[in-house]
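Residue-level structural notes
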Amino acid sequence: RLGSDGIAAAVVTAQAVKKPVKFFWRREDEFGQGWYRPAQAARLKAALDADGRVLGLHVRTAGPALSASFSPQGLPAGQLDGSSVQTIRESRYRPGAFHVEWVRVDQPVPMAPWRSVGATQNGYFLECFVDEVARAAGRDPYQLRREWLAHDARALNVLDAAAKAAGWEKPPAKGRARGMAFVESYGSLCAEVAEVSLRAGRPFVHRVVCALDCGSIVLPDGVRSQVEGGIVQGLSAVLGEAVNIAAGGAQERNFDTYPLLRISDAPESIETIIIESGEAMGGVGEPPLPPLAPAVVNALVALTGQPIRELPLSRHKFA
């Protein structure tokens, strides 16, 4: 609802019929000619020494310039699109050398920001790769993150709070696995741990623990509501939401082919840990969403040993 295309359409329609009008899209039209989350891809590389210590990290993302959709003059050639490297460029991790690149790849599909904008895809890219590096180095992914955040007491506090509440050091129940992710966005630090199993070959998230440091808090209940809503929306997207573009249009036109999360697939438990750090106020509407996808994916990879490098999860088969 950030764009104003409905206003222009209402004006044109009112001029044509010469009367005031109430203008709205049918759901099929909304699906078929609305605004879409930009498609993004990334390639990440890490250098390790003989002892498994990380010496450097290289991140190269590719996708359209989201900011060009909202700037009347477009994005000037050679200028960086901030959302395309959001959260990666400002990462608190210190894995030795750290280099981030972005390659602009335009697409004809109209784009608009999805909740948490660039933090959502970039949090997924980076946090899933952290787990891949940990596996290659024979390290616990939680301890690797602690190592990369050893210089940052605030970030360590958030990561440790989530791990402790989730019981990271204790093995999960048989047939389950845990995954974690840490993403900073909109001035807030957020760590999440997801506990996952498979039910009839489909992922099921039993529990999500979220630790959020958004600085100073005024309404704790409002924070919890945003955390729970962000986790549910993020889970809906990671499990099955997708619009496929073919023959010049969207193939999904209603909720019969665009599955939203049902109550039966929602987590059995969402636990929110609010950390009052006294730092400057950060956001609470956006930050809880980005860690959810990588936490779930990292848990699934730990459970199945099957690499997952594309979303949604409905495109994968699990034994």
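Here is a short report on the structure shown in this document. The written sequence of each chain sets the order in which its residues are numbered from 1. For this predicted model, a pLDDT threshold of at least 70 governs which residues receive local features, and a threshold of 80 or more governs which side-chain atom pairs are given and counted, while totals over whole chains, interfaces and linings are taken from all residues. To get the side-chain values, all heavy atoms of the structure are used, and hydrogens and water are removed first.

Re the overall build of the protein
Where helices and strands are cited, they refer to DSSP runs of H or I of at least four residues and of E of at least two residues respectively, numbered from the N terminus. Assigned secondary structure in the protein consists of seven helices and nine strands. Just to be clear, the radius of gyration here is over C-alpha atoms, and the globule rule we use is 2.2 Å times residues to the power 0.38. Computed over its C-alpha atoms, the radius of gyration of the protein comes to 21 Å, within 12% of the 20 Å expected for a compact globule of 319 residues. In terms of overall dimensions, the protein has a C-alpha envelope of 70 × 45 × 45 Å along the principal axes. Under the scheme applied here, a residue whose accessible area is under 20% of the maximum for its type counts as buried, over 50% as exposed, and between as partly exposed, the area being computed with a 1.4 Å probe on protein chains only. The buried share among the 319 residues of the protein stands at 45%. Restricting to contacts in the protein with at least 6 residues of sequence separation, those with at least 24 account for 68%. Of the roughly 16,000 Å² of accessible surface on the protein, 54% is carried by carbon and sulfur atoms. Any two residues whose heavy atoms approach within 4.5 Å at even a single point are treated as in contact. Accessible areas in this description were obtained via Shrake-Rupley with a 1.4 Å probe; residue shielding takes into account the shown protein chains only.

Comments concerning the sheet that holds strand 3 (residues 97-104)
At least two bridges found by DSSP between two strands is the condition for calling them paired. Reading across the sheet, the three strands line up as 1-2-3 and stay open at both edges, with mixed pairing between neighbours. Across the chains shown, the open sheet's two edge strands, defined by having one partner strand only, are strand 1 (41-48) and strand 3. Put simply, the sheet's adjacent strands are angled 10° from each other on average, direction ignored. Where strand 1 lies against strand 2 (residues 54-63), eight bridges are found, and the strand directions are antiparallel. Its bridge partner lying in strand 2, L48 is registered against V54. Helix 3 (residues 118-137) rests against strand 1 and strand 2 of the sheet, and its axis sits at about 30° to strand 1. Only the stretch in contact is used when fitting a helix axis, every axis being a line fitted to C-alpha atoms; angles between N-to-C directions are given from 0 to 180 degrees.

Overview of helix 1 (residues 5-17)
Turn by turn, an α-helix covers 3.6 residues, leaving residues three or four places apart pointing in a common direction. Taking 1.5 Å of rise per residue, the 13 residues of helix 1 would be expected to cover 18 Å, and the 19 Å separating its terminal C-alpha atoms lies within 8% of that figure. The positive-phi residue at the C-terminal boundary of helix 1 is K18, with phi of around 55°. What a helix is expected to span follows from its residue count: subtract one and scale by 1.5 Å.

Observations regarding the pairing of strand 5 (residues 188-199)
Within strand 5, 10 of the 12 residues are buried, which leaves the element mostly enclosed by the surrounding structure. Two strands pair when backbone bridges link them, and strand 4 (residues 177-185) and strand 5 are joined in this way by nine bridges, in the antiparallel orientation. From the neighbouring strand, M180 faces strand 5, where its bridge partner is V193. Counting the residues in the hairpin turn of strand 4 and strand 5 gives two residues, including Y186, whose phi is positive at 55°. Connecting strand 5 to the antiparallel partner strand 6 (residues 202-213) that follows it, the hairpin turn spans two residues, and A200 within it adopts a positive phi of roughly 55°.

Quick look at the pattern of salt bridges
For this analysis, a salt bridge means a side-chain nitrogen from Lys or Arg found within 4 Å of a carboxyl oxygen belonging to Asp or Glu. Going through the model one piece at a time under the given rule, you end up with 21 salt bridges. For D213, the salt bridge goes to R154, with nearest N and O atoms at 2.8 Å. Of the two residues, D213 sits in strand 6 while R154 sits in helix 5 (residues 153-166), which places them 59 residues apart along the sequence. The class of D213 is buried, set by a relative accessible area of 1%. For R154, a relative accessible area of 19% translates into the label buried. Between D221 and R224 there is a salt bridge, with its nearest N and O atoms 3.2 Å apart. Of this pair, D221 and R224 both sit in helix 6 (residues 220-239), three residues apart, which is roughly one turn of that helix. Through salt bridges that share partners, D49, D51 and R53 make up one connected network.

Quick look at the sheet that holds strand 9 (residues 269-275)
Ordered in space as 4-5-6-9, the four strands form an open sheet in which the pairing is mixed. Looking along the sheet, the strands with just one partner apiece sit at the ends: strand 4 and strand 9. Going across the sheet, the axis of each strand differs from the next one's by a mean of 20°, ignoring polarity. In this sheet, strand 6 lies alongside strand 5 in antiparallel orientation, the contact comprising 11 bridges.

Some details on the state of the cysteines
Note on disulfides: each one is a pair of cysteine sulfur atoms within 2.5 Å. Inspection of the entire model under this criterion finds zero disulfides. With no disulfide of its own, C190 lies closest to C210 among cysteine sulfurs, the gap being 3.5 Å. Overall, C190 belongs to the buried group, its relative accessible area being 0%. Looking at C210, the relative accessible area reads 0%, which means it is buried.

Re the environment of K18
Its place among the elements puts K18 in the loop between helix 1 and helix 2 (27-33). For the pair K18 and L48, spaced 30 residues apart in sequence, the C-alpha to C-alpha distance is 69 Å.

Details of the nonpolar core
To define a nonpolar core, start from buried Ala, Val, Leu, Ile, Met, Phe, Trp, Tyr and Cys residues and group those joined through side-chain atoms within 4.5 Å. In terms of nonpolar packing, the biggest core is built from 63 residues, with F182, L235, V238, V296, V297, I308 and L313 touching the most fellow members. Aside from chain neighbours lying at most four places away, what touches L235 is V205, L261, D265, P267, L292 and V296.

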